[in-house]
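Below are the chains, spelled out letter by letter.
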Amino acid sequence: MANAASITGIGSAFPKTIVSNDDIAAKLKKLGLETNDKWIRDRTGICERRYSDLENADERNSSLGLAAAVKALEMAGKSPQDIDQIIYATCTPDTPILSTACWLQHKLGAPKAWTMDLNAACSGFLYGLTVAEQFLITGKSKLVLVIGAEVLHPFVNWYDRGSCILFGDGAGAAVVEQTDEGSRHRILSSQLQSDGNLWELLYVPAGGSNIEITPEVYAQHLHKIKMSGREIFKIAVRTLSDFAVRALEAGNSTINDLDWFIPHQANRRIIEAVANRLDIPMDKVLINIDRYGNTSSATIPTMIDEAVQDGRIKKGDLLLLDAFGAGLTYGSVLLRW
Ligand code: ACO
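Residues numbered from 1 in each chain as written. Predicted model: local features only at pLDDT ≥ 70, side-chain atom pairs only at ≥ 80, totals over all residues. Heavy atoms only, no water.

A.B. asks: Would you mind showing me how to read the overall build of the chain here?
C.D. replies: A tally of helices and strands in the chain yields 10 helices and 13 strands. Computed over the C-alpha atoms, the radius of gyration of the chain is 19 Å, within 12% of the 20 Å expected from 2.2 N^0.38 for a compact globule of 337 residues. For the chain, the spread of C-alpha atoms along the three principal axes comes to 65 × 45 × 40 Å. For the chain, the proportion of its 337 residues judged to be buried stands at 54%. Long-range contacts, defined as pairs at least 24 residues apart, comprise 77% of the intrachain contacts of the chain with a sequence gap of at least 6. Total accessible area computed for the chain in this model is approximately 14,500 Å², and 50% of it derives from carbon and sulfur atoms. Side chains of the chain give 34 positive and 40 negative charges; the mean places of these two sets differ by 2 Å. (Helix = DSSP H or I, 4+ residues; strand = E, 2+ residues; numbered from the N terminus. Rg over C-alpha atoms; globule rule 2.2 N^0.38 Å. Buried < 20%, exposed > 50% of the residue type's maximum accessible area, 1.4 Å probe, protein only. Contact = heavy atoms within 4.5 Å. Areas by Shrake-Rupley, 256 points an atom, 1.4 Å probe, with all protein chains shown as cover. Lys, Arg positive; Asp, Glu negative; His and termini not counted. Charge placed at Lys NZ, Arg CZ, Asp CG, Glu CD.)

A.B. asks: In this structure, what is going on with the nonpolar core? I would like to understand it.
C.D. replies: Judged by nonpolar contacts, the single largest core of 46 residues is most densely connected at Ile270, Ile280, Leu320 and Phe324. Listing elements by their share of this core, those giving two or more residues are α1 (21-30), α7 (229-250), α8 (268-278), β12 (318-325) and β13 (329-336). If you tally residues by element for this core, the top one is α7, at 9 residues. Residues from two domains meet in this core; each of domain 1 (3-180) and domain 2 (187-336) gives at least three. Within the second largest apolar cluster, 32 residues are counted, among which are Leu136, Val144, Trp260 and Val333. (Core = buried A, V, L, I, M, F, W, Y, C linked by side-chain atoms within 4.5 Å. Domains from an automatic or database assignment.)

A.B. asks: In this structure, what is going on with the layout of surface pockets? I would like to understand it.
C.D. replies: Counted as a void, the largest pocket has a volume near 1,300 Å³. Along the walls of the largest pocket sit 39 residues, with Cys91, Thr92, Pro93, Phe155 and Val204 positioned nearest its centre. Taken together, the residues of the lining of the largest pocket break down into 22 nonpolar, 13 polar and 4 charged. There are two domains that each give the lining of the largest pocket at least three residues, and those are domain 1 (3-180) and domain 2 (187-336). What lines the second largest pocket is a set of 31 residues, among which Gly162, Leu166, Met227, Gly229 and Arg230 lie closest to the centre. Listing elements by their share of the lining of the second largest pocket, those giving two or more residues are α2 (37-44), α7, α8 and β12. When residues of the lining of the second largest pocket are assigned to their parent elements, the largest contribution, 6 residues, is made by α7. Across the lining of the second largest pocket, the residue classes break down as 14 nonpolar, 9 polar and 8 charged. (1 Å grid on protein atoms, 1.4 Å probe; cavity = no way out; pocket = protein on both sides within 12 Å on 5 of 7 lines; lining within 4 Å. Points joined across faces, edges and corners; volume = space filled by probe spheres on them. Nonpolar A, V, L, I, M, F, W, Y, C, P; charged D, E, K, R; others polar.)

A.B. asks: Explain the sheet that holds strand β7 (residues 170-180) to me, please; I cannot follow it from the model alone.
C.D. replies: Whenever strands of a sheet pair, they do so through backbone hydrogen bonds, lying parallel or antiparallel. Pairing in this open sheet of 5 strands is mixed, and the strands run β1-β7-β6-β4-β5 from one edge to the other. What marks the edges here is a single partner per strand, and that holds for β1 (3-13) and β5 (114-118). In this sheet, adjacent strand axes meet at a mean angle of 20 degrees when their direction is disregarded. Examined bridge by bridge, strand β6 (residues 143-150) and β7 share 8 bridges and lie antiparallel to one another. Paired with Gly148 across the bridge in β7 is Gly172. On top of the sheet, helix α3 (residues 61-76) reaches β1, β4 (85-89), β6 and β7; it is set at about 125 degrees to β1, its chief contact. Relative to the sheet, helix α10 (residues 299-309) contacts β1, β6 and β7, its axis offset from that of β1 by approximately 85 degrees. (Pairing = 2+ DSSP bridges. Axes fitted to C-alpha atoms, helices over the stretch in contact; angles between N-to-C directions.)

A.B. asks: Explain the side chain of Asp322 to me, please; I cannot follow it from the model alone.
C.D. replies: For Asp322, the location among the structural elements is in strand β12. For the buried Asp322, no salt bridge is present, and the opposite-charge side chain at shortest range is Arg246, 9.2 Å distant. Asp322 has contacts with Leu126, Leu240, Ser241, Phe243, Ala244, Phe261, Ile262, Pro263, His264, Ile300, Gly331 and Ser332, leaving out every residue within four places of it along the chain. (Salt bridge = Lys/Arg side-chain N within 4 Å of Asp/Glu carboxyl O.)

A.B. asks: How should the environment of Lys71 be read in this particular structure?
C.D. replies: Residue position: Lys71 is located in helix α3. Between the C-alpha atoms of Lys71 and Ala13, which are 58 residues apart in sequence, the distance is 9.0 Å. Once residues within four sequence positions are removed from consideration, Lys71 is found in contact with Ile10, Gly11 and Ser12.

Structure, rendered in C-alpha cells:
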C-alpha cells in the first residue's frame, strides 16, 4: 500500500508579554498617531497579542519553536533522536545566515536530522506540511518536524497605524509521521500556489541583500513591514474561499463533511467573509486572533494545538486548513485528525 502522512503530535508556545490594544494606542500617541481599542477590535477582531522580550534568549524565534516542538514530540511519544527532517516555516528568522532550523537543531538535539527554513510567510506552515508529506510518501523520511514560528514585532512599522496593530509573536509545531494510504488519520489533500506578481502588497524592503540597512534606510523605516491592507483584504477573501473549495474537492469532501475550518488568522472580518461565502457556520470556525493577533506561519498550528488541548478537536475530525500570505502565497490542506 502507498505511503501517506499523518500529524501525530502538536504543540505551541507564546512569549509571556501581553500587549493590549490600549498599550498600542499609548505607544502611537507618543508618535503623534491616533488609534483606539474599539477601532482595532471592530476592524480586526484583535484584543491583544504577545511580544517576545528580545533580551530574553528563551523568547527568540527558535526558542519558541523549541518549546512548541518539545510538546509536539511528547504528544507523539517521540524523541529528538527520531527526527529525520526539520522544516522551519518562518519569515522572521533568528539570523539571515544561518537558518532558524539549524538554531532549533542546536537547541533540540535531533542528531540525524537534516534541516531547512521555508519562507512562504503566513502560508508557511501549510507549505511545510505539504513538503513533509512528499518526503513521507516517497519514504525518504519517516518522521518530519514541521514548525511555524515568528517573532514579527521587531518588523512592525510604528508609523503605519494600519499594519502595526495586527502582528504578534508565537510558535506552533507538528510531528508528521509516515502512515499508509489506508489509514483514516492522514492528510487527504493539499493545494499550494503563489503569485509573485503581487510582491508589492506586503514586504520588508531592506535587510535582505537588495538594500543594506544604512542610517538613511533606517530613518525611512525601510527595514519594516510595508503593507497594502485594503488590497490584501479583498484578495484574501477570494483566495481563501477558492483554496478551501479546491482542497475539499481534491479530498472528495464537502463543506457539510467538515468538523472544523481553521483559516489563517489575519483579520476576523476576512474569516467571517470567507465563512459566509462558503456557507460554513461560525461555530465550526476556529479563531484565536482575539488573543494573539496575526502570528503569520504560527496561526494555524497554534490554533490546532489549542483546540486539541481543550477537547474541541477530537480524533477522527475532518479539518480544513486554509492560508494566504506575503508573496502572495496560498495554501490549503484537508486532513483527518
Ligand atoms: N486606528 C484608527 N484608524 C485607522 C487605523 C488605526 N489603527 N488604521 C487605519 N485607520 C483609518 C484609515 O486611515 C482610514 O481613514 P480614512 O478613511 O480617513 O482614510 C480608515 O481607518 C479606514 O482604513 P482602511 O485601510 O480602509 O481600513 P480597513 O477596514 O481596510 O482595515 C486593515 C485596515 C485592518 C489593515 C484591513 O484592511 C486588513 O486587515 N487587511 C488585510 C491585512 C492582512 O491580512 N495582512 C497580512 C497578510 S499576509 C500575512 O499575514 C503576513
